[in-house]
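# Secondary and tertiary structure notes
Chain by chain, the residues:
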Amino acid sequence: MEPTDWDNRIKELEKENRLLRKKLEKSETERSQLQALNQKKESLLKKLTEEFRDSKNILKARMSALEKALENQKTTQLKLIEAEKMSALGILVAGIAHEINNPVNFIYGNITYVNDYAGDILKLLAMYQDRYPEIDAEIEAFLEKIDIDFLREDLLKTLSSMKVGSERIREIVLTLRNFARVDEGEKKPVNIHEGIDSTLLILQHLTKEKPGHSAIKIIKNYGSLPKVECYAGQLNQVFMNIINNAVDALREREQNSSLEEIEANPIQMTITTSIISENGAIISIKDNGMGMNESVKAKIFDPFFTTKPVGHGTGLGLSISYQIVVDKHGGRLECISAIGEGTELVIEIPIANSGR
């Protein structure tokens, strides 16, 4: 090959090399651009994925918050309904007590006078019989007809019985008014034992003996409690909820036990009060029912939790009681229970006003 041909060949190769270098540079540029684009897409995808995840978490949190808000609203509404029921019951009881109180006071106030008048008339009759032993045949026949000796003896006994009965009605009226306390919207010093006794009277129809059910024995171990500053009407509601639950537990045990078992270990409720500190009172309400396991015990103060059949309770009684004792009175409400050992609800509240 001639030198000229070599030069031409070298020039062609150099030209091809420059073209290849340009193509390579272009390819590198395009590869870099593509890589940058891919990185941008990956970054965007990652960002979108994170935003989607965050949105999902935010949505989940908002849904959870909404569900909780709805549940709280439902709980609040039902608690308000229960509170209104108790308020209506208190107003009804107070109204009935007031209406009964007026005529009973009238009867009670006049029985003493009637007793004195009857005694005077009987004394006058005795004086006539002593002074004028000879009486008309018609009068003598009438005296025999009405059995004057029996009438003289029984009339005063009847009046005495009426007086005892009217006194008992007055006590019941006072107890009903004690339970209602609709006019007390602030903390006042009250006798806790009167509140418990009035609640037991209201629920007496559930504890007494009736066909198919034995009487529930009520044991009162009342300590020497001073007057306790509290919302008396609300605390009576707590007593009613707890005692009512205890009655249900005892009736359940009665239903699931033989007559021999009940006779050997009668159903009973023990109510104990005591002072635990300078400013603390304890009220314990214990039954010897079937008791409950740990999983049930852990939920009994939760709203809507109930072990009763459908239609036999809202599951709010103990939840409301917990709120009244803990939130309203700054106290403590504790459940002590085990299977086969019954259940004890312990209320601890300050004796003096804590400022709540």
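Scroll up to find the structure.
Description of the structure in this document.

Quick notes on the rules
Residues numbered from 1 in each chain as written. Predicted model: local features only at pLDDT ≥ 70, side-chain atom pairs only at ≥ 80, totals over all residues. Heavy atoms only, no water. Helix = DSSP H or I, 4+ residues; strand = E, 2+ residues; numbered from the N terminus. Buried < 20%, exposed > 50% of the residue type's maximum accessible area, 1.4 Å probe, protein only. Contact = heavy atoms within 4.5 Å. Areas by Shrake-Rupley, 256 points an atom, 1.4 Å probe, with all protein chains shown as cover. Phe/Tyr/Trp six-rings, centres within 6.5 Å; stacked < 30°, edge-to-face > 60°. Axes fitted to C-alpha atoms, helices over the stretch in contact; angles between N-to-C directions. Left-handed = near helix turned anticlockwise from the far one by under 90°. Nonpolar A, V, L, I, M, F, W, Y, C, P; charged D, E, K, R; others polar. Salt bridge = Lys/Arg side-chain N within 4 Å of Asp/Glu carboxyl O. Polar contact = N/O pair within 3.5 Å; in protein donor to acceptor, adjacent residues only side chain to side chain. Core = buried A, V, L, I, M, F, W, Y, C linked by side-chain atoms within 4.5 Å. Pairing = 2+ DSSP bridges.

## Re the overall build of the protein chain
Of the regular secondary structure elements, the protein chain holds 9 helices and 7 strands. Here the protein chain, with 356 residues, has 28% of them falling under the buried criterion. Taking all contacts inside the protein chain whose residues are at least 6 apart in sequence as the whole, residues at least 24 apart take part in 72%. Summed over all atoms, the accessible surface of the protein chain reaches about 23,900 Å², with 55% contributed by carbon and sulfur.

## Topic: the packing of aromatic side chains
Given two aromatic rings, their pairing is described by the distance between the two centres and the angle made by the two planes. Inspection of every chain in the model, using the stated rule, returns 2 aromatic pairs. Centre to centre, the rings of Phe-301 and Tyr-322 are 5.1 Å apart; their planes meet at 40 degrees, and the pair counts as tilted. Pair noted here: Phe-301 is in the loop between α8 (294-297) and α9 (317-328) and Tyr-322 is in helix α9, with a separation of 21 residues, a long-range link.

## Description of the packing of helix α6 (residues 232-255) against α9
Interaxial distance between α6 and α9 falls to 9 Å at its minimum, and their mutual angle equals 140 degrees. Between α6 and α9 lies a crossing whose hand is left-handed. Each of Gln-234, Gln-237, Val-238, Asn-241, Ile-242 and Asn-245 in α6 lies in contact with α9, whose residues at this interface are Gly-317, Leu-318, Ile-320, Ser-321, Ile-324, Val-325 and Lys-328. Here the residues of the contact of α6 with α9 are counted per class, giving 6 nonpolar, 6 polar and 1 charged.

## Structural notes on the pattern of salt bridges
Under the counting rule described, the total for this entry stands at 7 salt bridges. Across the salt bridge formed by Arg-152 and Asp-149, the nearest N and O atoms sit 3.2 Å from each other. Taken together, the residues Arg-152 and Asp-149, both in helix α3 (residues 148-180) and 3 residues apart, mark about one turn of the helix. On the accessibility criterion, Asp-149 (53% relative accessible area) is exposed.

## A look at the side chain of His-329
Note that His-329 resides in the loop between α9 and β6 (332-337). A distance of 3.0 Å separates a polar atom in the side chain of His-329 from the backbone nitrogen of Tyr-231.

## Here's the deal with the environment of Asn-236
Considering the arrangement of structural elements, one finds Asn-236 in helix α6. Since its relative accessible area comes to 3%, Asn-236 is described here as buried. Counting along the chain gives 37 residues from Asn-236 to Thr-199, while the straight-line C-alpha distance between them is 6.7 Å.

## Digging into the nonpolar core
Of all hydrophobic cores here, the largest spans 40 residues; its most connected members are Ile-192, Phe-239, Ile-243, Met-269 and Ile-347. At the level of secondary structure, the elements contributing two or more residues to this core comprise α4 (192-202), β3 (228-230), α6, β4 (268-277), β5 (280-287), α9, β6 and β7 (343-350). With 10 residues, α6 is the single largest residue contributor to this core. The residues contacting Phe-239, other than those within four sequence positions of it, are Ile-192, Gly-195, Ile-196, Thr-199, Ile-283, Ile-285 and Ile-347.

## A look at the environment of Asp-287
Looking at the element boundaries, Asp-287 is found in strand β5. The class for Asp-287 is buried, based on a relative accessible area of 6%. C-alpha separation for the pair Asp-287 and Ile-243, spaced 44 residues apart in sequence, amounts to 9.1 Å. Residues within four places of Asp-287 in sequence aside, it is in contact with Ala-246, Ala-249, Leu-250, Gln-268, Glu-341, Gly-342 and Thr-343. In terms of polar contacts, Asp-287 uses its side chain to reach the backbone amide nitrogen of Gly-289, at 2.8 Å.

## As for unusual backbone geometry
Here Asp-147, not a glycine, exhibits a phi torsion of approximately 55 degrees, which is positive. For Asp-147, the location among the structural elements is in the loop between α2 (137-146) and α3.

## What to know about the sheet that holds strand β2 (residues 217-221)
An order of β2-β4-β5-β7-β6 is seen for the 5 strands of this open sheet, with the pairing classed as mixed. Each of the sheet's edge strands pairs with one partner strand only, and the pair in question is β2 and β6. Across the sheet, the mean angle separating the axes of adjacent strands is 15 degrees when strand polarity is ignored. Packing against the sheet, α6 makes contact with β4, β5, β6 and β7, and its axis sits at approximately 25 degrees to β5. Each of β6 and β7 touches α9; the most contacted strand, β6, lies at about 135 degrees to it.

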